[in-house]
Amino acid sequence: MTAVDGKRIVLGVSGGVAAYKAAVLARELQRAGARVQVVMTEAATHFVGTATFQALTGEPVFTDQWDARIANGMAHIELSRAADAILIAPASADFMAKLAQGLCDDLLSTLCLARECPLVLAPAMNRQMWENPATQRNVARLRADGIELIGPDSGEQACGETGMGRMLEPEDIVESLDAFFSRKVLAGRRVLLTAGPTFEPIDPVRGITNRSSGKMGFAIARACRNAGAMVTLVSGPVAQRTPLGVRRIDVQTAQQMHDTVTRELDQAQHAKQPVDLFIAVAAVADWRPARYSEQKIKKTDAGSAPELGFTQNPDILASVAKREAAPYCVGFAAESEALERNGRDKLARKAIPLLVANIGHETFGRDDNELLILDGTRSVRLPRASKDALARDLVADIAPRLPARPL
Ligand code: CTP
């Protein structure tokens, strides 16, 4: 469950090639739990037919201000009053120009002018059209009017050119909308996280790792970003998409993760923009092979197995917690037994104020989880839910614990 869940979204589709992506967007929004009502401009229907959206959303699609299906003839009022937000995707240069002027000569533009809910635009156009001073003037006007713009992105365009003006991908639009609806409980805060497994090489082709997928850490990074924080994520090798707006640094080994975290904290302190919150979600290897073999270790005819000695890795979380002016530190615990007792023991051992324990240790790679939050005195259980929903609840629990920033 995300902040988009249960929201009623009017998805406005204006005329542009990217209208075909709006069909996928309608699907993604519904998957995130939104109720989607599609309204199209006449130009948009030249790119995608109304039947596509009607079939996808199970709702009639409106294009005409004089649609007889709305009994009182007030389609623009009826549709906008029922919405939690109007999202225009794609928002063409022409449609944005109309909005900037307050024109209302069709259903979608009238709906926008008559709205009481937030209006979000996902622009899509050729790069020259985007860079044109007239469009940039309109963009500034729209922003000043409190209209939210998400994107555009830069990249390959339908016209064959490359540049700024591509509509964000549907999943990025849903993510931006999720952030838009989220409570900004970490506004202005800086958050540093570790996520995923580490990989400790034995030789050029082998190594030791663990089954962490990085899903929980990435979900927490997303939730922190949604809550208004500036987020840096130090990640081990994972196959996860970087959340929009999150700064990601990839590492392999525990030592690299430790060095990166230390460098980030030092730099932030030096720049007088200290990190407020450190969340260690990574499943860090406690040991690494004592010696790395530059060449692949070969089998011997004698059948003897190589001896792998181990060296202990630095404890990243404990080293952060020990720092002078340490950020508020949150640890994660994977325990296979005596969850609360071992969790409390870890809390004391690492000298951290908060520990989050996975209930059940078979959570690797799954989309859901169940957590126990432990502080010095209390424990709070977050019942089984998606990792995204848990991440949001966890952030809501952590935010009020952060010490106020000195003025
Ligand atoms: N952690 C860390 N650096 C390490 C080991 C663990 O930062 N070298 C962090 C993890 O990211 C997690 C917390 O410490 O937030 C607890 O990790 P866990 O593996 O449960 O505990 P360990 O300290 O390794 O203790 P043990 O394996 O003995 O339970």
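Details of the structure are given in the entry above.
Residues numbered from 1 in each chain as written. Predicted model: local features only at pLDDT ≥ 70, side-chain atom pairs only at ≥ 80, totals over all residues. Heavy atoms only, no water.

Trainee: When you look at unusual backbone geometry in this model, what are you seeing that I'm missing?
Mentor: Most peptide bonds take the trans form, and the phi angle of most residues other than glycine is negative. Following Ala89, the chain continues into Pro90 via a peptide bond in cis, with omega recorded as 0°. Looking at the element boundaries, Pro90 is found in strand β3 (residues 85-91). That bond from Gly151 to Pro152 is cis: its omega, 5°, falls within 30 degrees of zero. For Pro152, the location among the structural elements is in the loop between β5 (148-149) and β6 (153-156). Residue Lys272 is not a glycine yet carries a positive backbone phi of 55°. One can find Lys272 in the loop between α10 (254-270) and β13 (277-280). (Helix = DSSP H or I, 4+ residues; strand = E, 2+ residues; numbered from the N terminus.)

Trainee: Got a minute to help me understand the nonpolar core in this structure?
Mentor: When a protein is soluble and globular, its nonpolar side chains tend to lie buried together. In this structure, Leu186, Leu193, Ile220, Cys224, Ile279, Phe332 and Ile398 are the most contacted members of the largest nonpolar core, which totals 35 residues. Residue assignment for this core shows that the elements contributing at least two residues are β8 (190-195), α9 (215-226), β11 (230-235), β13, β16 (328-333), β17 (354-358), β18 (368-374) and α13 (387-398). Per-element tally for this core: the top contributor is α9, with seven residues. Look past the residues within four positions of Leu186 in its chain and what remains in contact with it is Val191, Cys224, Ala227, Gly228, Ala229, Val395, Ala399 and Leu402. Ranked by size, the runner-up nonpolar core spans 34 residues in total, among them Leu11, Ala34, Val48 and Val61. (Core = buried A, V, L, I, M, F, W, Y, C linked by side-chain atoms within 4.5 Å. Buried < 20%, exposed > 50% of the residue type's maximum accessible area, 1.4 Å probe, protein only. Contact = heavy atoms within 4.5 Å.)

Trainee: Can you help me understand the site of the ligand in this one?
Mentor: Around the ligand there are 14 residues in total, and Ala280, Ala282, Phe332, Lys346 and Lys350 lie nearest to it. Between Asp286 and the ligand, the recorded distance is 2.9 Å, taken from a side-chain N or O atom to an oxygen atom. The separation between a nitrogen atom of the ligand and a polar main-chain atom of Ile316 is 3.0 Å. Across the complex, the protein chains shield 80% of the 560 Å² of accessible surface that the ligand would expose by itself. (Near = heavy atom within 4 Å. Polar contact = N/O pair within 3.5 Å; in protein donor to acceptor, adjacent residues only side chain to side chain. Areas by Shrake-Rupley, 256 points an atom, 1.4 Å probe, with all protein chains shown as cover.)

Trainee: Sorry, what's going on with the environment of Ala19 here?
Mentor: Take Ala19: it is sitting in helix α1 (residues 19-31). By relative accessible area, Ala19 is classed as buried at 0%. Between the C-alpha atom of Ala19 and that of Arg378, which follows or precedes it by 359 residues, the distance is 51 Å. When residues no more than four places from it in sequence are discounted, the contact partners of Ala19 are Val13, Ser14, Phe47, Val48, Phe53 and Pro90.

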